[in-house]
Amino acid sequence: SLSLYDISGAPGIAANMSHVATAGEVNWYISEKLGNALQGTKIVIIAAGIPQKSNIVQVNLFNTNAPIVRDLAQAIGEDAPEAHILITSNPVNSTISIVTEVLKKASKFNPTKVW
């Protein structure tokens, strides 16, 4: 099954993904249901925040994306501590460190599961 989560919901993406010719199930969740989206998850892909653009200063990119990634890491530690986590949010070198430190603080860090 595929769980999609977005702070504004992801019904359009979920509808598109549900048309893929597989037997899989697609569900989407809004911000209040993050814990539900993470329940039983084996792989989490964090592609949150704003993308890197040439006109965005790195510190502004970090200041926007860091709190989003931090909050997602906290939820993963609580609701999906065994999941493998792939972080693509920019700046990646900093957001990976955020996830690592949040999980360490929660005693849920496994270095083989953070990519």
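Everything numeric here is computed off the predicted structure, so don't read it as measured data.

Draft legend 1. Spatial organisation of the overall build of the protein chain. Tallying secondary structure elements over the protein chain gives four helices and four strands in all. Listing the helices and strands of the protein chain from first to last along the sequence gives β-α-β-α-β-α-β-α. On the principal axes, the C-alpha backbone points of the protein chain span a range of 40 × 35 × 25 Å. Here the protein chain holds 115 residues, and the buried ones make up 31% of them. Across the protein chain, every contact between residues at least 6 apart in sequence was considered, and the portion connecting residues at least 24 apart equals 63%. In the structure as shown, the protein chain presents an accessible area of about 7100 Å², 55% of it carried by carbon and sulfur atoms. In the protein chain, 8 side chains carry a positive charge and 8 a negative one; their mean positions are 5 Å apart.

Draft legend 2. Geometry of the pattern of salt bridges. All chains considered together, the criterion is met by three salt bridges. Note that Glu82 is salt-bridged to Lys113, the shortest N-O span being 3.3 Å. Here Glu82 is found in the loop between helix 3 (58-79) and strand 4 (84-87), whereas its partner Lys113 is found in the segment after helix 4 (92-105), with 31 residues between them in sequence.

Draft legend 3. Just unusual backbone geometry, in detail. For the bond from Asn90 to Pro91, the omega torsion is -10 degrees, close enough to zero to count as cis. The residue Pro91 is located in the loop between strand 4 and helix 4 in this model. With a phi close to 55 degrees, Ser107 is a non-glycine residue in the positive phi region. Here Ser107 lies in the segment after helix 4.

Draft legend 4. Geometry of the packing of aromatic side chains. Enumeration according to the criterion identifies zero aromatic pairs in this entry. For Lys104, the ring lying beneath its charged end belongs to Phe109, and the centroid distance is 5.4 Å.

Draft legend 5. Just the environment of Gly49, in detail. One can find Gly49 in the loop between strand 3 (43-46) and helix 3. For the pair Gly49 and Thr88, spaced 39 residues apart in the sequence, the C-alpha separation amounts to 9.8 Å. Beyond its immediate stretch of four places on either side in the chain, Gly49 contacts Asn65 and Ile68.

Draft legend 6. Focus on the packing of helix 3 against helix 4. At a minimum axis distance of 9 Å, the contact between helix 3 and helix 4 shows a crossing angle of 35 degrees. For the pair helix 3 and helix 4, the crossing hand works out as right-handed. Residues Phe62, Ala66, Val69, Arg70, Ala73, Gln74 and Gly77 of helix 3 touch helix 4, and the partners they reach there are Ser94, Thr95, Ile98, Val99, Val102 and Leu103. Residues of the contact of helix 3 with helix 4, tallied by class, amount to eight nonpolar, four polar and one charged.

Draft legend 7. How the structure looks around the side chain of Thr95. Its place among the elements puts Thr95 in helix 4. Take Thr95: its relative accessible area is 0%, and that puts it in the buried class. Within the local environment of Thr95, its side chain forms a polar contact with the backbone oxygen of Ser89, the two atoms lying 2.7 Å apart. Ignoring sequence-local partners within four residues, the contact set of Thr95 consists of Val69, Ile87, Ser89 and Asn90.

Rules and cut-offs
- Residues numbered from 1 in each chain as written.
- Predicted model: local features only at pLDDT ≥ 70, side-chain atom pairs only at ≥ 80, totals over all residues.
- Heavy atoms only, no water.
- Helix = DSSP H or I, 4+ residues; strand = E, 2+ residues; numbered from the N terminus.
- Buried < 20%, exposed > 50% of the residue type's maximum accessible area, 1.4 Å probe, protein only.
- Contact = heavy atoms within 4.5 Å.
- Areas by Shrake-Rupley, 256 points an atom, 1.4 Å probe, with all protein chains shown as cover.
- Lys, Arg positive; Asp, Glu negative; His and termini not counted.
- Charge placed at Lys NZ, Arg CZ, Asp CG, Glu CD.
- Salt bridge = Lys/Arg side-chain N within 4 Å of Asp/Glu carboxyl O.
- Phe/Tyr/Trp six-rings, centres within 6.5 Å; stacked < 30°, edge-to-face > 60°.
- Lys NZ or Arg CZ within 6 Å of the ring centre and 35° of its normal.
- Axes fitted to C-alpha atoms, helices over the stretch in contact; angles between N-to-C directions.
- Left-handed = near helix turned anticlockwise from the far one by under 90°.
- Nonpolar A, V, L, I, M, F, W, Y, C, P; charged D, E, K, R; others polar.
- Polar contact = N/O pair within 3.5 Å; in protein donor to acceptor, adjacent residues only side chain to side chain.

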